[in-house]
Amino acid sequence: MKDEKAAKALIKKLDKLLRSKMTPIYKRYGVSMQDVLTPLMWKPLVLVIGNYSSGKSTFINELLDMPVQRTGQAPTDDCFTILTCPAEGENEEEVPGGTVVNDERLPFATLLPFGERLFSHLRLKKIKSPVLENFAIIDTPGMLDSVTEKDRGYDYMGVVGELARMADLIILMFDPHKAGTIKETYQAIRSTLPGSTGEDRVLYVLNRIDECDNVPDLVRSYGTLCWNLSQMTGRKDIPRLYLTFAAKEGDSPPQGVESWVSERDELKRAVDTAPTMRINHVFQEAERGVRELDLQAEALAAFKNGFGGKAQKILKVGLLLSLLVFWFGDLALKLAAGFPQKTLIVSLFSGAFDDSLLVFPSLAALLVLVLTAIVINSFLFPRFKKNTLEELDSLIPFETAYKRDLWRRIRDRVSSSIEEEGYKHLWVSHSWYRKRLKRFLDKDIGRLKSKW
Ligand SMILES: Nc1nc2c(ncn2[C@@H]2O[C@H](COP(=O)(O)OP(=O)(O)O)[C@@H](O)[C@H]2O)c(=O)[nH]1
Ligand SMILES: [Mg+2]
């Protein structure tokens with residue numbers, strides 16, 4: 001309990017730190033802080049995903065010790081259900097998806113882009129349960145084989161990915177019948193987990209092992225799942241796999257699986273750690289948000305520098321031309337058209353110089369400079385902007401997969417920023433902002449984290 005209180009206090013401090021140090025930079029880049037602040041605001045989240053009928057809803061009912069979710073062999077439930085407890089003075093109720101995503105007290109506004117079709121498959125249930133005071137649980141429609149977005153009506157993978165990003169703990173459930181056919185789901189999660197960390201947020205569960213005919217059958221399922229998992233994770237070390245089943249009340253466990261009875265309790269205890277897991281996750285999320293902003297600054301700096309290089313070349317030519325025009329323009333004109341009578345350079349050498357001779361060369365040089373500026377502004381810049389937008393992905397180098405994932409998330413943001421405010425960004429000192437972001441990531445956030 002003490003840990004939970006300390007965790008809450010620390011999250012509050014992080015919120016304050018982000019607001020005080022990051023607000024001006026977010027404003028400068030026209031990015032809403034909502035994305036980085038929402039993960040801090042609600043309660044710990046546990047996400048349960050897996051094949052249909054792998055026993056997700058049964059496990060949730062077991063955790064809550066009441067039959068909240070419908071269960072059944074066929075795909076019974078095509079809804080994302082957020083289970084939480086009512087606030088003080090509130091009653092138990094069911095809130096429809098459209099209201100959930102628009103409620104500013106809840107962190108689900110990021111699901112808004114998935115549209116109306118998702119909202120009819122989303123709901124929030126307020127249930128009086130002591131478990132739900134510590135964290136909220138999200139039950140999900142089971143993964144089906146070979147289902148396209150068209151069949152579902154909405155981007156299922158996208159929603160799972162977004163929820164996985166928010167969740168402090170993810171339970172990935174398999175059963176012996178389909179030991180590892182949810183590669184796509186895993187990929188949706190994987191792209192939301194930062195670098196090499198983050199995988200500790202996933203609990204892998206092989207459920208329904210009581211349905212294996214005998215131990216060799218279980219070993220085969222386990223082996224298949226391990227193999228598939230290593231294909232999914234691309235790693236050779238296998239994460240811990242909880243082997244569990246829902247014990248029927250009063251019944252003794254079927255022969256062969258007695259040894260795994262205690263794993264169910266271990267899994268439940270692991271789920272109970274969600275509130276403290278949240279600390280790591282919340283810091284990761286905050287860092288990710290700030291890194292995204294830094295990446296945006298990096299991209300805009302590259303845009304600015306790229307244009308700067310090109311503009312400089314033209315400017316040099318323009319300056320040279322204006323100098324030539326200044327010194328020799330009137331002379332050239334005289335040779336070509338016979339006037340003016342007196343020219344600057346000749347009068348300087350003959351000693352007949354007077355101030356009025358400067359008027360024509362100065363105006364001509366100024367005209368060349370103005371023309372250069374017009375060329376840069378009206379031809380070079382629009383063309384450079386268009387080319388950059390067309391080849392946005394080659395604007396900056398991607399040294400790591402993590403950076404590429406971050407880029408995927410902010411690409412559209414950068415694109416519209418260049419499209420709408422490209423000119424403004426040429427005058428921003430991105431390196432100064434990047435220094436402040438770096439200091440925040442290297443020092444400020446680390447200092448706060450070390451208090452945990
Ligand atoms: N034998 C056995 N059946 C289970 C177990 N867990 C769930 N079931 C049954 O499997 C069916 C599907 O479970 P459900 O929780 O609805 O799966 P979901 O689609 O993942 O939510 C239901 O009929 C459950 O009673 C288990 O561990 N062992
Ligand atoms: Mg279910």
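Residues numbered from 1 in each chain as written. Chains lettered and ligands numbered in written order. Predicted model: local features only at pLDDT ≥ 70, side-chain atom pairs only at ≥ 80, totals over all residues. Heavy atoms only, no water.

Topic: the overall build of the chain
Right, on to step 1. The helix and strand inventory of the chain stands at 16 helices and eight strands.
Right, on to step 2. A globule of 452 residues ought to have a C-alpha radius of gyration of about 22 Å, yet the chain, at 32 Å, is considerably larger.
Right, on to step 3. Seen through its principal axes, the chain has C-alpha atoms that stretch 120 × 45 × 40 Å.
Right, on to step 4. Classification of the 452 residues of the chain by burial places 49% in the buried group.
Right, on to step 5. Within the chain, counting contacts between residues at least 6 apart in sequence, those at least 24 apart form 78% of the total.
Right, on to step 6. Here the chain has roughly 23500 Å² of accessible surface; of this, 56% comes from carbon and sulfur atoms. (Helix = DSSP H or I, 4+ residues; strand = E, 2+ residues; numbered from the N terminus. Rg over C-alpha atoms; globule rule 2.2 N^0.38 Å. Buried < 20%, exposed > 50% of the residue type's maximum accessible area, 1.4 Å probe, protein only. Contact = heavy atoms within 4.5 Å. Areas by Shrake-Rupley, 256 points an atom, 1.4 Å probe, with all protein chains shown as cover.)

Looking at a positive patch on the surface
Right, on to step 1. There is a patch of like positive charges on the surface, built from Lys13, Lys16, Arg439, Lys443, Arg447 and Lys451.
Right, on to step 2. Of all the secondary structure elements, the ones that give two or more residues to the positive patch are helix 1 (2-28) and helix 16 (430-449).
Right, on to step 3. For the positive patch, the element with the highest residue contribution is helix 16, accounting for three residues.
Right, on to step 4. Here Arg439 is to be found in helix 16.
Right, on to step 5. The exposure class of Arg439 is partly exposed, given its relative accessible area of 48%. (Patch = residues over 30% accessible without salt bridge, like charges linked within 9 Å, V, L, I, M, F, W, Y side chains within 5 Å. Salt bridge = Lys/Arg side-chain N within 4 Å of Asp/Glu carboxyl O. Lys, Arg positive; Asp, Glu negative; His and termini not counted. Charge placed at Lys NZ, Arg CZ, Asp CG, Glu CD.)

Section: the confidence of the model for the chain
Right, on to step 1. Of the residues in the chain, 95% reach a pLDDT of 70 or more, and the chain-wide mean stands at 88.
Right, on to step 2. The weakest mean pLDDT in the chain belongs to helix 7 (residues 149-152) at 69; the strongest belongs to strand 2 (residues 80-84) at 97. (pLDDT = per-residue confidence, 0-100.)

Quick word on the site of ligand 1
Right, on to step 1. Among the 17 residues in the neighbourhood of ligand 1, the closest are listed as Ser53, Ser57, Thr58, Asp210 and Ala246.
Right, on to step 2. Residue Gly72 places a main-chain N or O atom 2.9 Å away from an oxygen atom belonging to ligand 1.
Right, on to step 3. Protein coverage of the free-state accessible area of ligand 1, which is 570 Å², stands at 87%.
Right, on to step 4. The class makeup of the residues in the shell around ligand 1 is three nonpolar, ten polar and four charged. (Near = heavy atom within 4 Å. Polar contact = N/O pair within 3.5 Å; in protein donor to acceptor, adjacent residues only side chain to side chain. Nonpolar A, V, L, I, M, F, W, Y, C, P; charged D, E, K, R; others polar.)

Describing helix 8 (residues 156-166)
Right, on to step 1. Among the eleven residues that make up helix 8, ten are buried, leaving the element largely enclosed by the rest of the structure.
Right, on to step 2. Here helix 8 has its buried residues at Tyr156, Gly158, Val159, Val160, Gly161, Glu162, Leu163, Ala164, Arg165 and Met166.

A short note on the nonpolar core
Right, on to step 1. Formed by 50 residues in total, the largest nonpolar core has its most connected members in Leu14, Leu18, Met22, Tyr29 and Trp407.
Right, on to step 2. Residue assignment for this core shows that the elements contributing at least two residues are helix 1, helix 2 (34-41), helix 12 (274-337), helix 14 (359-390), helix 15 (401-425) and helix 16.
Right, on to step 3. The element that contributes the greatest number of residues to this core is helix 12, accounting for 13 residues.
Right, on to step 4. Filtering out sequence-adjacent residues up to four positions away, Leu18 remains in contact with Thr23, Met33, Val36, Leu37, Leu40, Ala286, Val290 and Phe440. (Core = buried A, V, L, I, M, F, W, Y, C linked by side-chain atoms within 4.5 Å.)

What about the pairing of strand 1 (residues 45-50)?
Right, on to step 1. When you tally the buried positions in strand 1, you get six out of six residues, the bulk of the element.
Right, on to step 2. Every second residue of strand 1 is oriented toward a common face, with Leu45, Leu47 and Ile49 on one face and Val46, Val48 and Gly50 on the other, all of them buried.
Right, on to step 3. Bridging between strand 1 and strand 5 (residues 136-139) involves four bridges; their strand directions are parallel. Among the inter-strand pairings, Val46 is bridged to a residue of strand 5, identified as Ile137.
Right, on to step 4. Alignment of strand 1 against strand 6 (residues 169-174), held across five bridges, turns out to be parallel. Looking at the pairing, Leu47 lines up with Ile170 of strand 6. (Pairing = 2+ DSSP bridges.)

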